[in-house]
Amino acid sequence: MINISEELSNFQPIDIESVEQKIGSIPEDMKNAIELYNKALDEISNNNEDIAIIALKKAISIYPAFYEAMNLMGICYVSIGDEDSARAM
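Residues numbered from 1 in each chain as written. Predicted model: local features only at pLDDT ≥ 70, side-chain atom pairs only at ≥ 80, totals over all residues. Heavy atoms only, no water.

> How do you make sense of the side chain of N38 when you look at a structure like this?
For N38, the location among the structural elements is in helix 3 (residues 28-45). By relative accessible area, which is 16% here, N38 ends up buried. The residues touching N38, leaving out its near neighbours within four places in the chain, are P13 and I14. (Helix = DSSP H or I, 4+ residues; strand = E, 2+ residues; numbered from the N terminus. Buried < 20%, exposed > 50% of the residue type's maximum accessible area, 1.4 Å probe, protein only. Contact = heavy atoms within 4.5 Å.)

> It is not clear to me how the packing of aromatic side chains should be interpreted in this structure. Could you clarify?
How two aromatic rings sit relative to each other is set out by the distance from centre to centre and by the angle between their planes. Throughout the structure, instances matching the rule amount to 2 aromatic pairs. Their ring planes at 65 degrees and their centres at 6.3 Å tell us that Y63 and F66 sit as a pair that is edge-to-face. Overall, F66 belongs to the buried group, its relative accessible area being 8%. Three or more aromatic residues joined by ring pairs make a cluster, and in this case those are Y37, Y63 and F66. (Phe/Tyr/Trp six-rings, centres within 6.5 Å; stacked < 30°, edge-to-face > 60°.)

> Help me out: how do you make sense of the environment of I16 in this one?
Note that I16 resides in helix 2 (residues 16-23). The exposure class assigned to I16 is buried, which follows from its relative accessible area of 15%. In this structure the C-alpha to C-alpha distance between I16 and L56, which are 40 residues apart in sequence, comes to 17 Å.

> Would you mind showing me how to read the packing of helix 4 (residues 49-62) against helix 5 (residues 67-79) here?
Geometrically, a packed helix pair is captured by the angle between its two axes and the distance between the axes. Two elements in contact, helix 4 and helix 5, have axes whose closest approach is 9 Å; the angle formed by their N-to-C orientations is 155 degrees. As judged from the angle between their axes, helix 4 and helix 5 are roughly antiparallel. Our pair here, helix 4 against helix 5, has a crossing hand that is left-handed. Of the residues in helix 5, those in contact with E49, A52, I53, L56, K57 and I60 of helix 4 are A69, M70, L72, M73, C76, Y77 and S79. Its residues assigned to classes, the contact of helix 4 with helix 5 shows 10 nonpolar, 1 polar and 2 charged. (Axes fitted to C-alpha atoms, helices over the stretch in contact; angles between N-to-C directions. Parallel < 35°, antiparallel > 145°, perpendicular 65-115°, else oblique. Left-handed = near helix turned anticlockwise from the far one by under 90°. Nonpolar A, V, L, I, M, F, W, Y, C, P; charged D, E, K, R; others polar.)

These figures capture arrangement, not role.
Structure, rendered in structure tokens:
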């Protein structure tokens, strides 16, 4: 079985400014998705995995290729005991 706390600690906030310095300007939808991802990480640190999942769903709907958000949502599902949803992610 995985250690959920350890897995969650592997996810770090994304600094939009740093990303833009490396690759140039990024689209507004990607920025919005990153902001939601970072919000989800804050919610997780406050033990609000349900709220984090909502933010991650929004992030993925805005930017469907946001695989880091998908991975994080899978770990959130495991942490609330929803292994079927975790597998789907």
